[in-house]
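Fold and geometry: a report
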Amino acid sequence: MPILFLLGAKTGLLVQWTGWSHEGYNILHRHVGRVVCTAAVLHVFFYSLACPIEVMVHVTTIFVALLAVIGFFLILISSIAPLRAKTYELFLLLHVYGVVAILPLLYFHFERVRPYVITSAVIFLWDRINRFRNAQHVIAHTTILSGNTVKLSLNVNSTTREIHWKTGQYVYVSISSLAKQQAHPFTIASAPNPNTLDLIIRARKGFSKSLFLSEAPEHKVTFHGPYGSPPTFEGCDRVILLAGGAGISYAYPEAIELASSTGHYAAANPEVDFLWVVPSRDFSSWVDLKEDYNVDFKVWVTAEQGRPDIKKYVKDSIIAAGPGARVAVAVCGPAPLVRDSRNACSEMLWEGNNVVFYSENFGW
Ligand SMILES: Cc1cc2nc3c(=O)[nH]c(=O)nc-3n(C[C@H](O)[C@H](O)[C@H](O)COP(=O)(O)OP(=O)(O)OC[C@H]3O[C@@H](n4cnc5c(N)ncnc54)[C@H](O)[C@@H]3O)c2cc1C
């Protein structure tokens, strides 16, 4: 149990001690979670073979374990990927409140499990306290964009501590006037700066739709983060950035940072090959594609130009980097864009090119 909690904490000890990304060990958290939940369910199942359920419900120490196992079972089921995607809020609710209920139940189940329960509770509380301390309250302005999208610009020069972020990181945003008790992750769509943190938010069905439909020009926003350990492109001669629609949130600040003479890559700016695929021309107003950023921002409008041949694009760009060049391909967008660019990279790798591939997903 403590390992499961340690791996699930966003701000907890593992992040602080190791500096590892939360997303990396979240995969381990899922595997350990499946083992813990399945073991709990099997434990009760085999126990019930020896002790009938009518007897179990009359013994308090066993009855609390039965309740805990129901909690484990619900968490396990709600975590199955398609169910989680469909009912994310329920998944979260069960994850947080389920855990709060399970721990005391297990504490009263059996004396020997208490040290593990207490350790798990401490890790859980530590993470929650950290998130609470990390939270900032700011005013954010909204700009309605084409394609059911809204830009939320957080005024980060009014925070109680300086907010530093790296390109590719994300924050959790809550707007209680639109959705109570909800925090949604969004990739930071602006290059690091001390004043404004932009988020480009595609309206879906819940919170994001309410934000898009809200007529208020500004909102009181609580956010925490930044989180995430996106890759850096040191040592690369060329970085091919591919974005599809809202994937620009990742590619845009990354391109500016890669080309900037003052940012992280100032010492050796790699060449940037930037391509943003959008359904119609008006999408290009989402971000400021200024020439003075020293990036050749290429926008591919599918309504006018048809679907791009991404495989060919990536291969040609890798070849253009020259023999022996180290090329990174970073993509954020719909599944076909990611698939085609990944396939192109693997074919080029097979042919002996020095290529690394990275895909940024808007999901876990
Ligand atoms: C690391 C990360 C970065 C992201 N960056 C962006 C971005 O820059 N721009 C953008 O438009 N979207 C981004 N997303 C997706 C965004 O978080 C969801 O679209 C948003 O939370 C949907 O909220 P909703 O209530 O409108 O969702 P719903 O319409 O209820 O659901 C739409 C989808 O969003 C998922 N979802 C709902 N709530 C959450 C949540 N709290 N956390 C994670 N997923 C959730 C659901 O499972 C479902 O698949 C990102 C997601 C992640 C995990």
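Only a predicted model underlies this, so the values are computations on that prediction, with no experimental measurement involved.

Turning to the overall build of the protein chain, a few remarks are in order. Looking only at helices and strands, the protein chain features 13 helices and eleven strands. When its C-alpha atoms are laid out on the principal axes, the protein chain stretches across 75 × 50 × 40 Å. Taken across its 364 residues, the protein chain has 45% of its residues classed as buried. Within the protein chain, counting contacts between residues at least 6 apart in sequence, those at least 24 apart form 68% of the total. Here the protein chain has roughly 19,100 Å² of accessible surface; of this, 61% comes from carbon and sulfur atoms. Side-chain charges of the protein chain comprise 30 positive and 27 negative groups, with the mean position of each set lying 9 Å from the other.

Under the local residue numbering, the UniProt record ascribes the feature "domain: FAD-binding FR-type" (unreviewed entry) to residues 131-233. The straight-line gap between the two end C-alpha atoms of residues 131-233 is 29 Å; of that span, 11% is helix and 42% is strand.

The next point concerns the environment of A9. Topologically, A9 is positioned in the loop between α1 (2-8) and α2 (13-18). With relative accessibility at 4%, the residue A9 sits in the buried group. Through-space distance from the C-alpha of A9 to that of L125 is 9.7 Å; in sequence the pair is 116 residues apart.

Okay, the sheet that holds strand β11 (residues 354-359) next. Strand order in this open sheet of five strands is β9-β8-β7-β10-β11, and the pairing throughout is parallel. Each end of this open sheet is capped by a strand with a single partner; those strands are β9 (297-301) and β11. Neighbour-to-neighbour, the strand axes of this sheet turn through a mean angle of 15°, independent of strand direction. When strand β8 (residues 271-278) meets β9, the two strands line up parallel, connected through five bridges. Looking across to β9, one finds that L275 is bridged to K298.

Once that is clear, we can look at the sheet that holds strand β1 (residues 136-145). Ordered by their spatial adjacency, six strands build an open sheet running β4-β3-β6-β1-β2-β5, and the pairing between neighbours is antiparallel. Either end of the sheet is taken by a strand with one partner, and the two such strands are β4 (184-187) and β5 (196-202). Sheet twist, expressed as the mean angle between neighbouring strand axes with direction ignored, is 40°. Pairing of β1 with strand β2 (residues 149-155), which is carried by six bridges, proceeds in the antiparallel orientation.

The domain boundaries assigned to the protein chain delineate domain 1 (2-132), domain 2 (135-227) and domain 3 (238-361). The gap between the C-alpha centroids of domain 1 and domain 3 is 41 Å.

Following the sequence through the fold, S146 ends up in the loop between β1 and β2. Looking at S146, the relative accessible area reads 18%, which means it is buried. Here S146 is in contact with D282, F283 and W286, once residues within four sequence places are set aside.

Let us look at the UniProt feature "transmembrane region" (unreviewed entry) in the protein chain. According to UniProt, the positions carrying the feature "transmembrane region" (unreviewed entry) are residues 31-50, 62-84 and 90-110. The span residues 31-50 shows a helical share of 100% and a strand share of 0%, and its end C-alpha atoms are spaced 29 Å apart. As annotated, residues 62-84 has a helix share of 91% and a strand share of 0%, and its two end C-alpha atoms lie 30 Å apart.

For the rest of this paragraph, the subject is the site of the ligand. As a matter of local geometry, the ligand sits amid 22 residues, with A85, H184, P185, K205 and S208 nearest to it. K205 has a polar backbone atom sitting 2.5 Å from an oxygen atom of the ligand. At a separation of 2.8 Å, an oxygen atom of the ligand approaches a polar backbone atom of F207. Protein chains shield 88% of the accessible area of the ligand, which is 860 Å² for the free molecule. Of all the secondary-structure elements, those providing two or more residues to the shell around the ligand are α6 (81-86), α7 (88-107), β4, β5 and α9 (207-213). Looking at which element gives the most residues to the shell around the ligand, the answer is β4, with four residues. Class assignment of the residues belonging to the shell around the ligand gives a composition of eleven nonpolar, six polar and five charged. Structurally, the shell around the ligand is a two-domain feature, drawing no fewer than three residues from each of domain 1 (2-132) and domain 2 (135-227).

Here we come to the environment of I256. Looking at the secondary structure, you find I256 in helix α10 (residues 248-259). Relative accessible area serves as the criterion here: at 10%, I256 is assigned to the buried category. Between the C-alpha atom of I256 and that of S210, which follows or precedes it by 46 residues, the distance is 31 Å. Excluding anything up to four places from it in sequence, I256 contacts A191, Y293, V295 and F297.

In total, this model carries 13 aromatic pairs according to the counting rule given. Between Y107 and F108, the ring centres sit 5.3 Å apart and the planes meet at 80°, which makes this aromatic pair edge-to-face. Y107 sits in the partly exposed class, given a relative accessible area of 28%. With 6.1 Å between their ring centres and 70° between their planes, Y170 and Y172 make a pair best called edge-to-face. The class for Y170 is buried, based on a relative accessible area of 7%. The buried category is assigned to Y172, whose relative accessible area is 8%. What links up through ring pairs into an aromatic cluster is the set Y170, Y172 and Y227. For the cation-ring pair, R84 lies above F91, with the distance from its terminal atom to the ring centre recorded as 5.8 Å.

Rules and cut-offs
- Residues numbered from 1 in each chain as written.
- Predicted model: local features only at pLDDT ≥ 70, side-chain atom pairs only at ≥ 80, totals over all residues.
- Heavy atoms only, no water.
- Helix = DSSP H or I, 4+ residues; strand = E, 2+ residues; numbered from the N terminus.
- Buried < 20%, exposed > 50% of the residue type's maximum accessible area, 1.4 Å probe, protein only.
- Contact = heavy atoms within 4.5 Å.
- Areas by Shrake-Rupley, 256 points an atom, 1.4 Å probe, with all protein chains shown as cover.
- Lys, Arg positive; Asp, Glu negative; His and termini not counted.
- Charge placed at Lys NZ, Arg CZ, Asp CG, Glu CD.
- UniProt positions renumbered as here; feature names shortened; annotations may be inferred.
- Pairing = 2+ DSSP bridges.
- Axes fitted to C-alpha atoms, helices over the stretch in contact; angles between N-to-C directions.
- Domains from an automatic or database assignment.
- Near = heavy atom within 4 Å.
- Polar contact = N/O pair within 3.5 Å; in protein donor to acceptor, adjacent residues only side chain to side chain.
- Nonpolar A, V, L, I, M, F, W, Y, C, P; charged D, E, K, R; others polar.
- Phe/Tyr/Trp six-rings, centres within 6.5 Å; stacked < 30°, edge-to-face > 60°.
- Lys NZ or Arg CZ within 6 Å of the ring centre and 35° of its normal.

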